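For reference, the chains in residue letters:
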Protein chains: 2
Amino acid sequence: MKKSIMLAFVLCNSFLALAQKKDGLVLQTIYKTALTNSQCYSWLDYLSNQIGGRLSGSTNAEKAVFYTKSQLETLGLDRVFLQEVMVPKWVRGDKEVAYIVNNKTKIAVPICALGGSVATPKNGLLAPIIEVHSIADLAQLGDKIKGKIVFFNRPMDPENIETFKSYGGCVDQRFDGAKEASKWGAVGTIVRSMNLRLDDFPHTGVQSYGDIPKSQYIPTAAISTNAAELLSKTLKKNPTLKFYFKQSCQQLPDVLSYNVVGEIKGSTHPENIMVVGGHLDSWDLADGSHDDGAGVVQSMEVLNIFKKMGYKPQNTLRVVLFMNEENGGKGGEKYQELAQSNHENHILALESDSGGFSPRGFSLECDEANFATISGWKTLFEPYLIHSFVKGHSGSDIELLTSKNLVKAGLKPDSQRYFDYHHALNDTFDAINKRELELGAATMTSLVYLIDQYGVVK
Amino acid sequence: MKKSIMLAFVLCNSFLALAQKKDGLVLQTIYKTALTNSQCYSWLDYLSNQIGGRLSGSTNAEKAVFYTKSQLETLGLDRVFLQEVMVPKWVRGDKEVAYIVNNKTKIAVPICALGGSVATPKNGLLAPIIEVHSIADLAQLGDKIKGKIVFFNRPMDPENIETFKSYGGCVDQRFDGAKEASKWGAVGTIVRSMNLRLDDFPHTGVQSYGDIPKSQYIPTAAISTNAAELLSKTLKKNPTLKFYFKQSCQQLPDVLSYNVVGEIKGSTHPENIMVVGGHLDSWDLADGSHDDGAGVVQSMEVLNIFKKMGYKPQNTLRVVLFMNEENGGKGGEKYQELAQSNHENHILALESDSGGFSPRGFSLECDEANFATISGWKTLFEPYLIHSFVKGHSGSDIELLTSKNLVKAGLKPDSQRYFDYHHALNDTFDAINKRELELGAATMTSLVYLIDQYGVVK
């Protein structure tokens, strides 16, 4: 008996060693293919430089749908299709104008309307401005807010190593600021850009009026970090100064758009679905190369790499390019709705939406057993400098997706530079490094391969 | 007896846990200080934007010596001094000119003279050009080389994850190419830039004629990767085309320059010296922000962080800003010479000379025992995403340094983008991210702290 246990143990160990060796070789091929024979960089070049900013409902967003669909059609997938989805359409209008009006001096400052904001009156809005550092400050100030513009100026915390944590600690000012300030009688809000460095780019992003009545909607805009510092300093010297801004943005009726989907049918378990994805829409100020052109082309590349390697996944592999992550999340909602009504069983959803920088690991939403299994693959990833396997948010577009035993994951690139570009004028193709982009695609492909081989723990 | 062993074991474990906790808190303070209260970024701003390129022997190199010395003098160190060193002085002269001369068509291409190269004849050099992929190819071609320009066109290998490995696999073409081609009667060499991406920047760098007679020195220059591709393609269509280039660089007599040294005397073991450093000289095409302005200011920051924290090192801590790493290594030589003649005992030498990108770990030159000890600190570094502790090259300036039980280390930043900038026109301040630079400084400081606390294994 003892001998047979020993034999089983030895056999089992040899088998594991062999599997580990085989997987190591497969990952080697994946990374090699990504670094020498991938298309993601040229796809992104087209998306960014030939199409450009792709805000939901825009002509560019539509062009991006048809371009990525046509590119997926060249890869020899089993099917490529569109999922119809109604999306909000917000347009920025004319370039915004803003001044600090300090007695007789007018200092021009760079601002941009936040997504979903209403316009100012045609000739702009001039009012006293009051600085706060949080939504909680509003209640403290109470009546002092009435008739004023509220200036939310809490900076991102530089102490966090993960910059997304600092973003999370600040973004309520942008998302809820106007709604909350309006309740205290503010006439507008100006929000310090979510940016860790001091520069001259205002960073847009979505905001929401929640359920306050339309009559109480007030215009809201982001101001560059340099200008926020200047405004704060000038306000300290002259608390009665005024601020002027003019923007002509508006919300139009919803329009029809699409998620783009490409699929390789699983050879053994076609009923199990693995999704890789990013979002096809972007903000309008730049071409959205990092947010989220990178995630889109990396996700497409996962299927491309498997095709180039001749690897046939056992489970169905789907790339989904979600529409409208930035200002509505309608694409993600629609995908989940259809998955549910079609009784689909997802085992993996992997999103890339944190920029195209050097990959460091994955942020995982799954149970303990799957977390342990995936963390156990660390040594396989080590040669590629992938080292960070943590529990945390995976991705906005897959947030609603549910399935029994679903592993959700987000690709985790180096985050130090991300908020230099996020939602700003400089999120352009030249900020992308080809190799970093390719390494991210290879890292995603490797996780998909391992999940495909070993499934999820049930 | 058993009980006392048990007690000793428990005490020892508690002590280790306490020490680990204390160290964890110290590292937390180090990183916090770097991210919120450091000077490295503004020092680099001055070095790059107020001084600029700092090639050995130039006025700018001298300015950099006096600027960094004066800045170190503000930090309250125990002494700040200069080490005299004679350095080579090579000057580029007028901007280089080059053409592919294909029948009657002249195509201008971007080149730059390699450091140490001789000039072409005054009116330039026109000759047939022959492409090779390695120095070994020269012997194969033999007589066919005579009277021609040799075009070394082996690209950096994109498959390596660590880009320095690809650099190492290519740089012989630049360093030895002219010397070797001259032996076969070549009249000049053109070398594909050491750059992983395709762009229009020629990358300079040092070359050596070794011990061939002066009369056999031939002019040598680097060509941008895009132009190398074009030249290769054009040569395939017309192998008899000619290449023209003109450069007026020259080697002048050696001049006096300096290493800059700042020191905090050890409180317990002043006789043990820990060195942190980078090189103050840079190539002349840009301002050398990554190579190696970043390493210079990060090294200065190590002492600054300790001062700000009120941490007094037990061993002597020295920052050394080496002169002439790029084209001679005279500063590193001089430092070792003086260390030896002063019978100094170095326990640590840590160099930062791989760019100012997000730090990933250390490349270590030390014995097994020290490697094991330092690798054992990995968990302390984990919160800061420092994960890569490998054996390998530490730094050029500390290459010659020897001492009993010396640990040599190189800071290992993310290497993907490094060769986009290395020795080229675009190695400028805007390519630096403040947080990445600061995280590198904190990572260096943390290693110095741990070595200072626990010494090196003897």
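The rules we used
Residues numbered from 1 in each chain as written. Chains lettered and ligands numbered in written order. Predicted model: local features only at pLDDT ≥ 70, side-chain atom pairs only at ≥ 80, totals over all residues. Heavy atoms only, no water. Contact = heavy atoms within 4.5 Å. Buried area = accessible area lost by both parts, 1.4 Å probe. Salt bridge = Lys/Arg side-chain N within 4 Å of Asp/Glu carboxyl O. Polar contact = N/O pair within 3.5 Å; in protein donor to acceptor, adjacent residues only side chain to side chain. Helix = DSSP H or I, 4+ residues; strand = E, 2+ residues; numbered from the N terminus. Nonpolar A, V, L, I, M, F, W, Y, C, P; charged D, E, K, R; others polar. Pairing = 2+ DSSP bridges. Axes fitted to C-alpha atoms, helices over the stretch in contact; angles between N-to-C directions. Least-squares fit on C-alpha atoms with pLDDT ≥ 70 in both. Buried < 20%, exposed > 50% of the residue type's maximum accessible area, 1.4 Å probe, protein only. pLDDT = per-residue confidence, 0-100. Domains from an automatic or database assignment. 1 Å grid on protein atoms, 1.4 Å probe; cavity = no way out; pocket = protein on both sides within 12 Å on 5 of 7 lines; lining within 4 Å. Points joined across faces, edges and corners; volume = space filled by probe spheres on them. Phe/Tyr/Trp six-rings, centres within 6.5 Å; stacked < 30°, edge-to-face > 60°. Lys NZ or Arg CZ within 6 Å of the ring centre and 35° of its normal.

Enquirer: Got a minute to help me understand the interface of chain B and chain A in this structure?
Expert: One frequent convention defines the size of an interface as the accessible area lost when the parts assemble. Counting residues at the interface gives 31 residues for chain B, matched by 31 residues for chain A. Of all residues in chain B, Ile161(B), Arg417(B) and Arg435(B) bury the most surface against chain A, accounting for 26% of the area lost on that side. On inspection of chain B and its partner chain A, the count reaches four salt bridges. Glu159(B) is the salt-bridge partner of Lys32(A), the closest N and O atoms lying 3.7 Å from each other. Taken together, the links from chain B to chain A amount to 16 residue pairs in polar contact (both at pLDDT 80 or more). When contributions to the side of chain B that touches chain A are tallied by element, the ones reaching two or more residues are α1 (2–36), β14 (359–365) and α13 (434–454) of chain B. Broken down by element, the side of chain B that touches chain A gets its largest block of residues, four residues, from α1(B). Of the residues in the side of chain B that touches chain A, the class split is 13 nonpolar, eight polar and 10 charged.

Enquirer: In this structure, what is going on with the sheet that holds strand β12 (residues 315–322) of chain A? I would like to understand it.
Expert: Neighbouring strands of a sheet are bound in pairs by backbone hydrogen bonds; such pairs are parallel or else antiparallel. Residue and element names in this part refer to chain A. With mixed pairing, eight strands are arranged side by side in an open sheet as β1-β10-β12-β11-β13-β16-β14-β15. Strands at the two margins of the open sheet, each flanked by one partner only, are β1 (79–91) and β15 (388–391). Each neighbouring strand pair of the sheet contributes to a mean axis angle of 20 degrees, computed without reference to strand direction. Sheet strands in contact with helix α11 (residues 368–375) are β14 (359–365), β15 and β16 (407–413), and its direction is about 175 degrees off that of β15.

Enquirer: Could you clarify how one ought to interpret the relation of the copies chain B and chain A in this entry?
Expert: One copy of the chain maps onto the other through a rotation about an axis plus a displacement along that axis. Placing chain B over chain A gives an RMSD of 0.1 Å and needs a rotation angle of 180 degrees, together with 0.0 Å of translation along the axis. The transformation relating the two chain copies, once decomposed into turn and shift, fits a two-fold axis. If distances are taken from each C-alpha of chain B to the rotation axis, the shortest is found for His387(B), at 3.5 Å. Of all interface residues in chain B, 100% are interface residues in chain A too; the two copies therefore contact each other through one and the same surface.

Enquirer: Where do I start with the sheet that holds strand β7 (residues 188–192) of chain B in this structure?
Expert: All names here are of chain B. Pairing is mixed in the open sheet, where eight strands are placed in the order β3-β2-β9-β5-β6-β7-β8-β4. Here the strands that pair on one side only, and so sit at the sheet edges, are β3 (105–108) and β4 (111–113). Strand after strand, the sheet turns through a mean of 30 degrees between neighbouring axes, direction not considered. Across the face of the sheet, helix α6 (residues 172–183) comes into contact with β6 (149–152), β7 and β8 (220–223) while running at roughly 160 degrees to β7. Against the sheet, helix α7 (residues 225–237) makes contact with β2 (97–102), β3, β5 (125–132), β6, β7, β8 and β9 (242–246), and its axis sits at roughly 90 degrees relative to β5, the strand it touches most.

Enquirer: Which parts of the structure should I look at to understand the environment of Val80(A)?
Expert: All names here are of chain A. Within the secondary structure, Val-80 sits in strand β1. You can call Val-80 buried: its relative accessible area is 18%. Along the chain, Val-80 and Val-260 lie 180 residues apart, while their C-alpha atoms are 7.6 Å from each other. Beyond its immediate chain neighbours, meaning those up to four positions away, Val-80 contacts Lys-69, Leu-72, Glu-73, Val-261 and Gly-262.

Enquirer: Is there a simple way to think about the confidence of the model for chain A in this case?
Expert: Interpretation of the predicted coordinates at a detailed level should be avoided for regions scoring low in pLDDT. Averaged over every residue, the pLDDT of chain A is 96; residues scoring 70 or more account for 99%. In the predicted complex, the global pTM is 0.96; the interface-specific ipTM is 0.96.

Enquirer: Hey, could you run me through the pattern of salt bridges in this one?
Expert: Opposite charge on two side chains allows them to pair when their charged atoms are near. Taken as a whole and judged by the stated rule, the model has 44 salt bridges over all chains. Of the charged contacts, one joins Lys69(A) and Glu73(A) as a salt bridge, the two residues approaching to 2.9 Å between their closest N and O atoms. The residue Lys434(B) makes a salt bridge to Glu438(B) at a minimum N-O spacing of 2.9 Å. Linking Lys434(B) with Glu438(B), this pair stays in helix α13, spanning four residues, or about one helical turn. Among the ionic contacts, a cluster of salt bridges with common partners joins Arg79(A), Glu263(A), Arg318(A) and Glu344(A).

Enquirer: Any chance you could explain the domain arrangement of chain A here in plain terms?
Expert: Residue and element names in this part refer to chain A. Taken domain by domain, chain A comprises domain 1 (30–89 + 253–454) and domain 2 (93–248). A straight line from the C-alpha centre of domain 1 to that of domain 2 covers 33 Å. A salt bridge links Arg-197 to Asp-420; the shortest N-O distance between them is 3.6 Å. Applying the counting rule to domain 1 against domain 2 returns five residue pairs in polar contact (both at pLDDT 80 or more). With four residues, helix α13 (residues 418–421) is the largest single contributor of residues to the side of domain 1 that touches domain 2. Residue composition of the side of domain 1 that touches domain 2, by class: seven nonpolar, seven polar and three charged.

Enquirer: How should empty space enclosed by the protein be read in this particular structure?
Expert: It is the rolling of a water-molecule-sized probe over the atoms that shows where space remains empty. All told, the structure shown has six cavities of 30 Å³ or more when counted by the stated rule. Volume-wise, the largest cavity comes out at about 100 Å³. Forming the boundary of the largest cavity are Phe357(A), Ser358(A), Asp414(A), Gln416(A), Arg417(A), Glu436(A), Phe357(B), Ser358(B), Asp414(B), Arg417(B) and Glu436(B). Within the lining of the largest cavity, the residues separate by chemical class into two nonpolar, three polar and six charged.

Enquirer: So what exactly am I meant to see when it comes to the packing of aromatic side chains here?
Expert: Two numbers describe a pair of aromatic rings. These are the distance of the centres and the angle of the planes. Residue and element names in this part refer to chain A. What the rule picks out here adds up to 40 aromatic pairs over all chains. Note on Tyr-41 and Phe-429: the rings are 4.8 Å apart at their centroids and 35 degrees apart in plane angle, and the pair reads as tilted. Residue Tyr-41 is located in helix α2 (residues 40–51), and its partner Phe-429 is located in the loop between α13 and α14 (434–454); the two are separated by 388 residues in the primary sequence. Relative accessible area serves as the criterion here: at 26%, Tyr-41 is assigned to the partly exposed category. Clustering of aromatic rings is evident, with ring pairs tying together Phe-164, Tyr-167, Tyr-418 and Phe-419. The ring of Phe-371 has Lys-391 lying over it, and the distance from NZ or CZ to the ring centre is 5.0 Å.

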